[in-house]
Amino acid sequence: MNTSALATQLSEQFGLSTEGLKLNPIGNGHINTTMLLRNKAQALVVQKLNTDVFPEPEQLVNNARLIEQHLTHKAASDQYQLEIIKHVPTQSGDYLIDIQGEKWRALEFIRGSYSEEVVQNAAQAEIAANAFGQFAAALQDFDAEQLYPVIPNFHNLSMRIATFKHKIAADVVGRVAACQNEIAFCFDQFSLADELDNLTNVPLRPCHNDTKINNMLFCKNTESAKAVIDLDTCMPGYWLCDFGDMVRTCCSPEAEDSTALEQVKVRHDIFHALVKGYAKPLTPFITEQELLSFWLGAKVLPFMIGLRFLTDYLDGDNYFAIKHPEHNLQRARNQFALYRDIVRHEQTLKGMLEQL
Ligand code: ADP
Ligand code: GN1
Ligand code: MG
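Please read these numbers as outputs of a predicted model, since none were measured by experiment.

(A) Representation of the overall build of the protein chain within the structure. Each helix and strand counted, the protein chain has 12 helices and 10 strands in total. Relative to the 2.2 N^0.38 estimate, which gives 21 Å for 356 residues, the radius of gyration of the protein chain is 20 Å and therefore close to what a compact globule would have. Every one of the 356 residues in the protein chain was classed for burial, and the buried ones make up 41%. Partitioning the contacts of the protein chain with sequence separation of at least 6, the portion at a separation of at least 24 is 73%.

(B) Representation of the confidence of the model for the protein chain within the structure. Mean pLDDT over the protein chain works out to 97, with 100% of the residues at or above the 70 mark. Predicted as a complex, the structure gets a pTM of 0.97 and an ipTM equal to 0.97.

(C) Seen up close, the nonpolar core. In this structure, Ala128, Phe132, Met216, Met246, Val247, Cys250 and Leu274 are the most contacted members of the largest nonpolar core, which totals 90 residues. Each of domain 1 (3-109) and domain 2 (122-354) gives at least three residues to this core. Residues contacting Cys250, with those up to four places away along its chain left out, are Val119, Ala125, Ala128, Ile213, Ile270 and Leu274.

(D) Focus on the sheet that holds strand β8 (residues 216-219). An order of β6-β8-β9 is seen for the three strands of this open sheet, with the pairing classed as antiparallel. Across the chains shown, the open sheet's two edge strands, defined by having one partner strand only, are β6 (113-114) and β9 (225-228). Relative to β8, β6 runs antiparallel, the two sharing two bridges. Its bridge partner being in β8, Ser113 is matched across the sheet by Cys219. Against the sheet, helix α3 (residues 122-138) makes contact with β8 and β9, and its axis sits at roughly 45 degrees relative to β9, the strand it touches most.

(E) Here's a closer look at the site of ligand 2. The environment of ligand 2 is made up of Gly29, His30, Ile31, Val53, Asp210, Lys212, Asn215, Asp230, Asp232, Thr233, Glu256 and Ile305. For the shell around ligand 2, the class distribution of residues is three nonpolar, four polar and five charged.

(F) Main features of the site of ligand 1. Close contacts around ligand 1 come from 20 residues, with Gly27, Gly29, Ile110, Ser115 and Asp230 the closest. The residue inventory of the shell around ligand 1, partitioned by class, reads nine nonpolar, eight polar and three charged. When residues of the shell around ligand 1 are assigned to domains, at least three map to each of domain 1 (3-109) and domain 2 (122-354).

(G) Fine view of the packing of helix α4 (residues 157-170) against helix α10 (residues 294-314). Where α4 contacts α10, the two axes come as close as 10 Å, and the packing angle between them is 25 degrees. Judged on the interaxial angle alone, α10 and α4 are roughly parallel. Here α4 runs over α10; the crossing is left-handed. Between α4 and α10, the contacting residues are Leu157, Arg160, Thr163, Phe164, Lys167 and Ile168 on the first element and Val300, Met304, Leu307, Arg308, Thr311 and Leu314 on the second. Per-class residue counts for the contact of α4 with α10 are seven nonpolar, two polar and three charged.

(H) Quick look at the pairing of strand β5 (residues 102-108). In the sheet, strand β3 (residues 43-48) pairs with β5 via five bridges, with the strands oriented antiparallel. Bridging from a neighbouring strand, Val45 pairs with Leu107 of β5. Judged from the three bridges that link them, strand β4 (residues 97-99) and β5 form a sheet pairing that is antiparallel. If you follow Asp98 over to β5, its bridge partner there is Lys103. If you look at the hairpin formed by β4 and β5, you'll find two residues sitting between the two strands, and Gln100 has a positive phi there, around 50 degrees.

(I) The domain arrangement of the protein chain, seen in detail. Structurally, the protein chain comprises domain 1 (3-109) and domain 2 (122-354). Taking only C-alpha atoms, the centre of domain 1 and the centre of domain 2 are 26 Å apart. With 23 residues of domain 1 in contact, the opposing surface of domain 2 contributes 22 residues. Considering only residue class, the side of domain 1 that touches domain 2 consists of 10 nonpolar, nine polar and four charged.

(J) Fine view of helix α2 (residues 57-76). Between its first and last C-alpha atoms α2 spans 28 Å; for 20 residues at 1.5 Å apiece the expected length is 28 Å, and the two agree. If you check which residues of α2 are buried, you get Pro57, Leu60, Val61, Asn63, Ala64, Ile67, Leu71 and Lys74. With its buried residues spanning 155 degrees around the axis, α2 presents them on a single face. In α2, the exposed positions that point more than 90 degrees away from the buried face belong to Thr72 and Ala76. Lining the buried residues of α2 we find β5 and α3. One or two residues past the end of α2 sits Asp78, with phi positive at roughly 60 degrees.

(K) Molecular detail of helix α7 (residues 239-250). Between its first and last C-alpha, α7 extends 16 Å over 12 residues, near the 16 Å set by a 1.5 Å rise per residue. The element α7 is largely enclosed, with a buried count of 12 among its 12 residues. Among the residues of α7, Trp239, Leu240, Cys241, Asp242, Phe243, Gly244, Asp245, Met246, Val247, Arg248, Thr249 and Cys250 are the ones counted as buried.

(L) Highlighting unusual backbone geometry. Look at Asp78: it is not a glycine, yet its phi comes out positive at around 60 degrees. Inspection of the secondary structure assignment puts Asp78 in the loop between α2 and β4.

The rules we used
Residues numbered from 1 in each chain as written. Chains lettered and ligands numbered in written order. Predicted model: local features only at pLDDT ≥ 70, side-chain atom pairs only at ≥ 80, totals over all residues. Helix = DSSP H or I, 4+ residues; strand = E, 2+ residues; numbered from the N terminus. Rg over C-alpha atoms; globule rule 2.2 N^0.38 Å. Buried ≥ 20, exposed ≤ 12 C-beta atoms within 10 Å, placed from the backbone. Contact = placed C-beta atoms within 7 Å. pLDDT = per-residue confidence, 0-100. Core = buried A, V, L, I, M, F, W, Y, C linked by C-beta atoms within 7 Å. Domains from an automatic or database assignment. Pairing = 2+ DSSP bridges. Axes fitted to C-alpha atoms, helices over the stretch in contact; angles between N-to-C directions. Near = placed C-beta within 6 Å. Nonpolar A, V, L, I, M, F, W, Y, C, P; charged D, E, K, R; others polar. Parallel < 35°, antiparallel > 145°, perpendicular 65-115°, else oblique. Left-handed = near helix turned anticlockwise from the far one by under 90°. Expected span 1.5 Å × (residues − 1). Arc of directions from axis to C-beta.

Written as structure tokens, this is what we have:
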């Protein structure tokens, strides 16, 4: 189906007039296809859900709507100040539609906002971390058991390692031989999984599970936080993982797929800003042990996402959207470079958590 026919179908379903209708891609997400559908008066974010990644899209939408309702309730009593990403129903009241076998949903477009791929400075990092912290705090009394596990074991490193080994053995696209260095490096880090499996006294919480910097929106006018978005992987998890994903995506001055590996480093002022920004809204709930566990998250997330990129590369690029054949390998090398630099600076970075 061409773009204009698709735009017409979507506009009919979601009740937009077709006068001056436009449909254009937005953002840089790796999983879904995200587009802006707009006419002269209205704008909607429309998203084709990736059903290879999310085989039960109805459950995903249901999860996100439960969170949306909880946050709306919190906002009504002034306990949540950010904007809430709301699903928009079709004319007949559905939240998920089928167009030629593909699943689409619509979300309210947050006007006057922008997302970042690389954090510019410590102030911006603190704003982002604080927004994710507000989101986590607002979900504290939400029963995460209500959430369907849309991707089971999402942050289970042992399971990710098992998949990695399985893909190495299968070598379906013959890339294993050329990746021996990266593979050996990964094998040397597997004790991280034991650290995660042996965690004690760290509670499972309702988590976002994808707190990368482009999953929040900043205000174009004030540069303050506008909204936390991409609620697709909200499930029970550990705050250390949400903290770790912020470290992963905010601390490096280079984008996640940059090949300038000598520049991929953890910026200490940004790490400090993340600790400060995220911990503040969590103060009433967080335990000391949980705060100290953030160090594990700071190590695990860059390594685990690097491992997932490499796994996908060895598997022939079936999971993450890529722009060229080496993209996943470049991303993996980038994440490993960041992980190495984080580990190298353990004393300083851990010290920032301990000070708090
Ligand atoms: P994916 O699941 O593929 O990562 P996202 O939901 O994160 O998709 O959306 C991708 C990008 O689209 C975001 O990083 C953001 O730039 C933009 N975006 C998504 N939803 C909205 C929204 N409701 N309002 C404004 N921009 C949005
Ligand atoms: C994906 O959807 P997006 O681009 O926000 C992925 C995350 C990874 C991230 C790496 C459902 O996030 O887990 O950390 O790419 N989402 C899913 O950039 O797998
Ligand atoms: Mg996203």
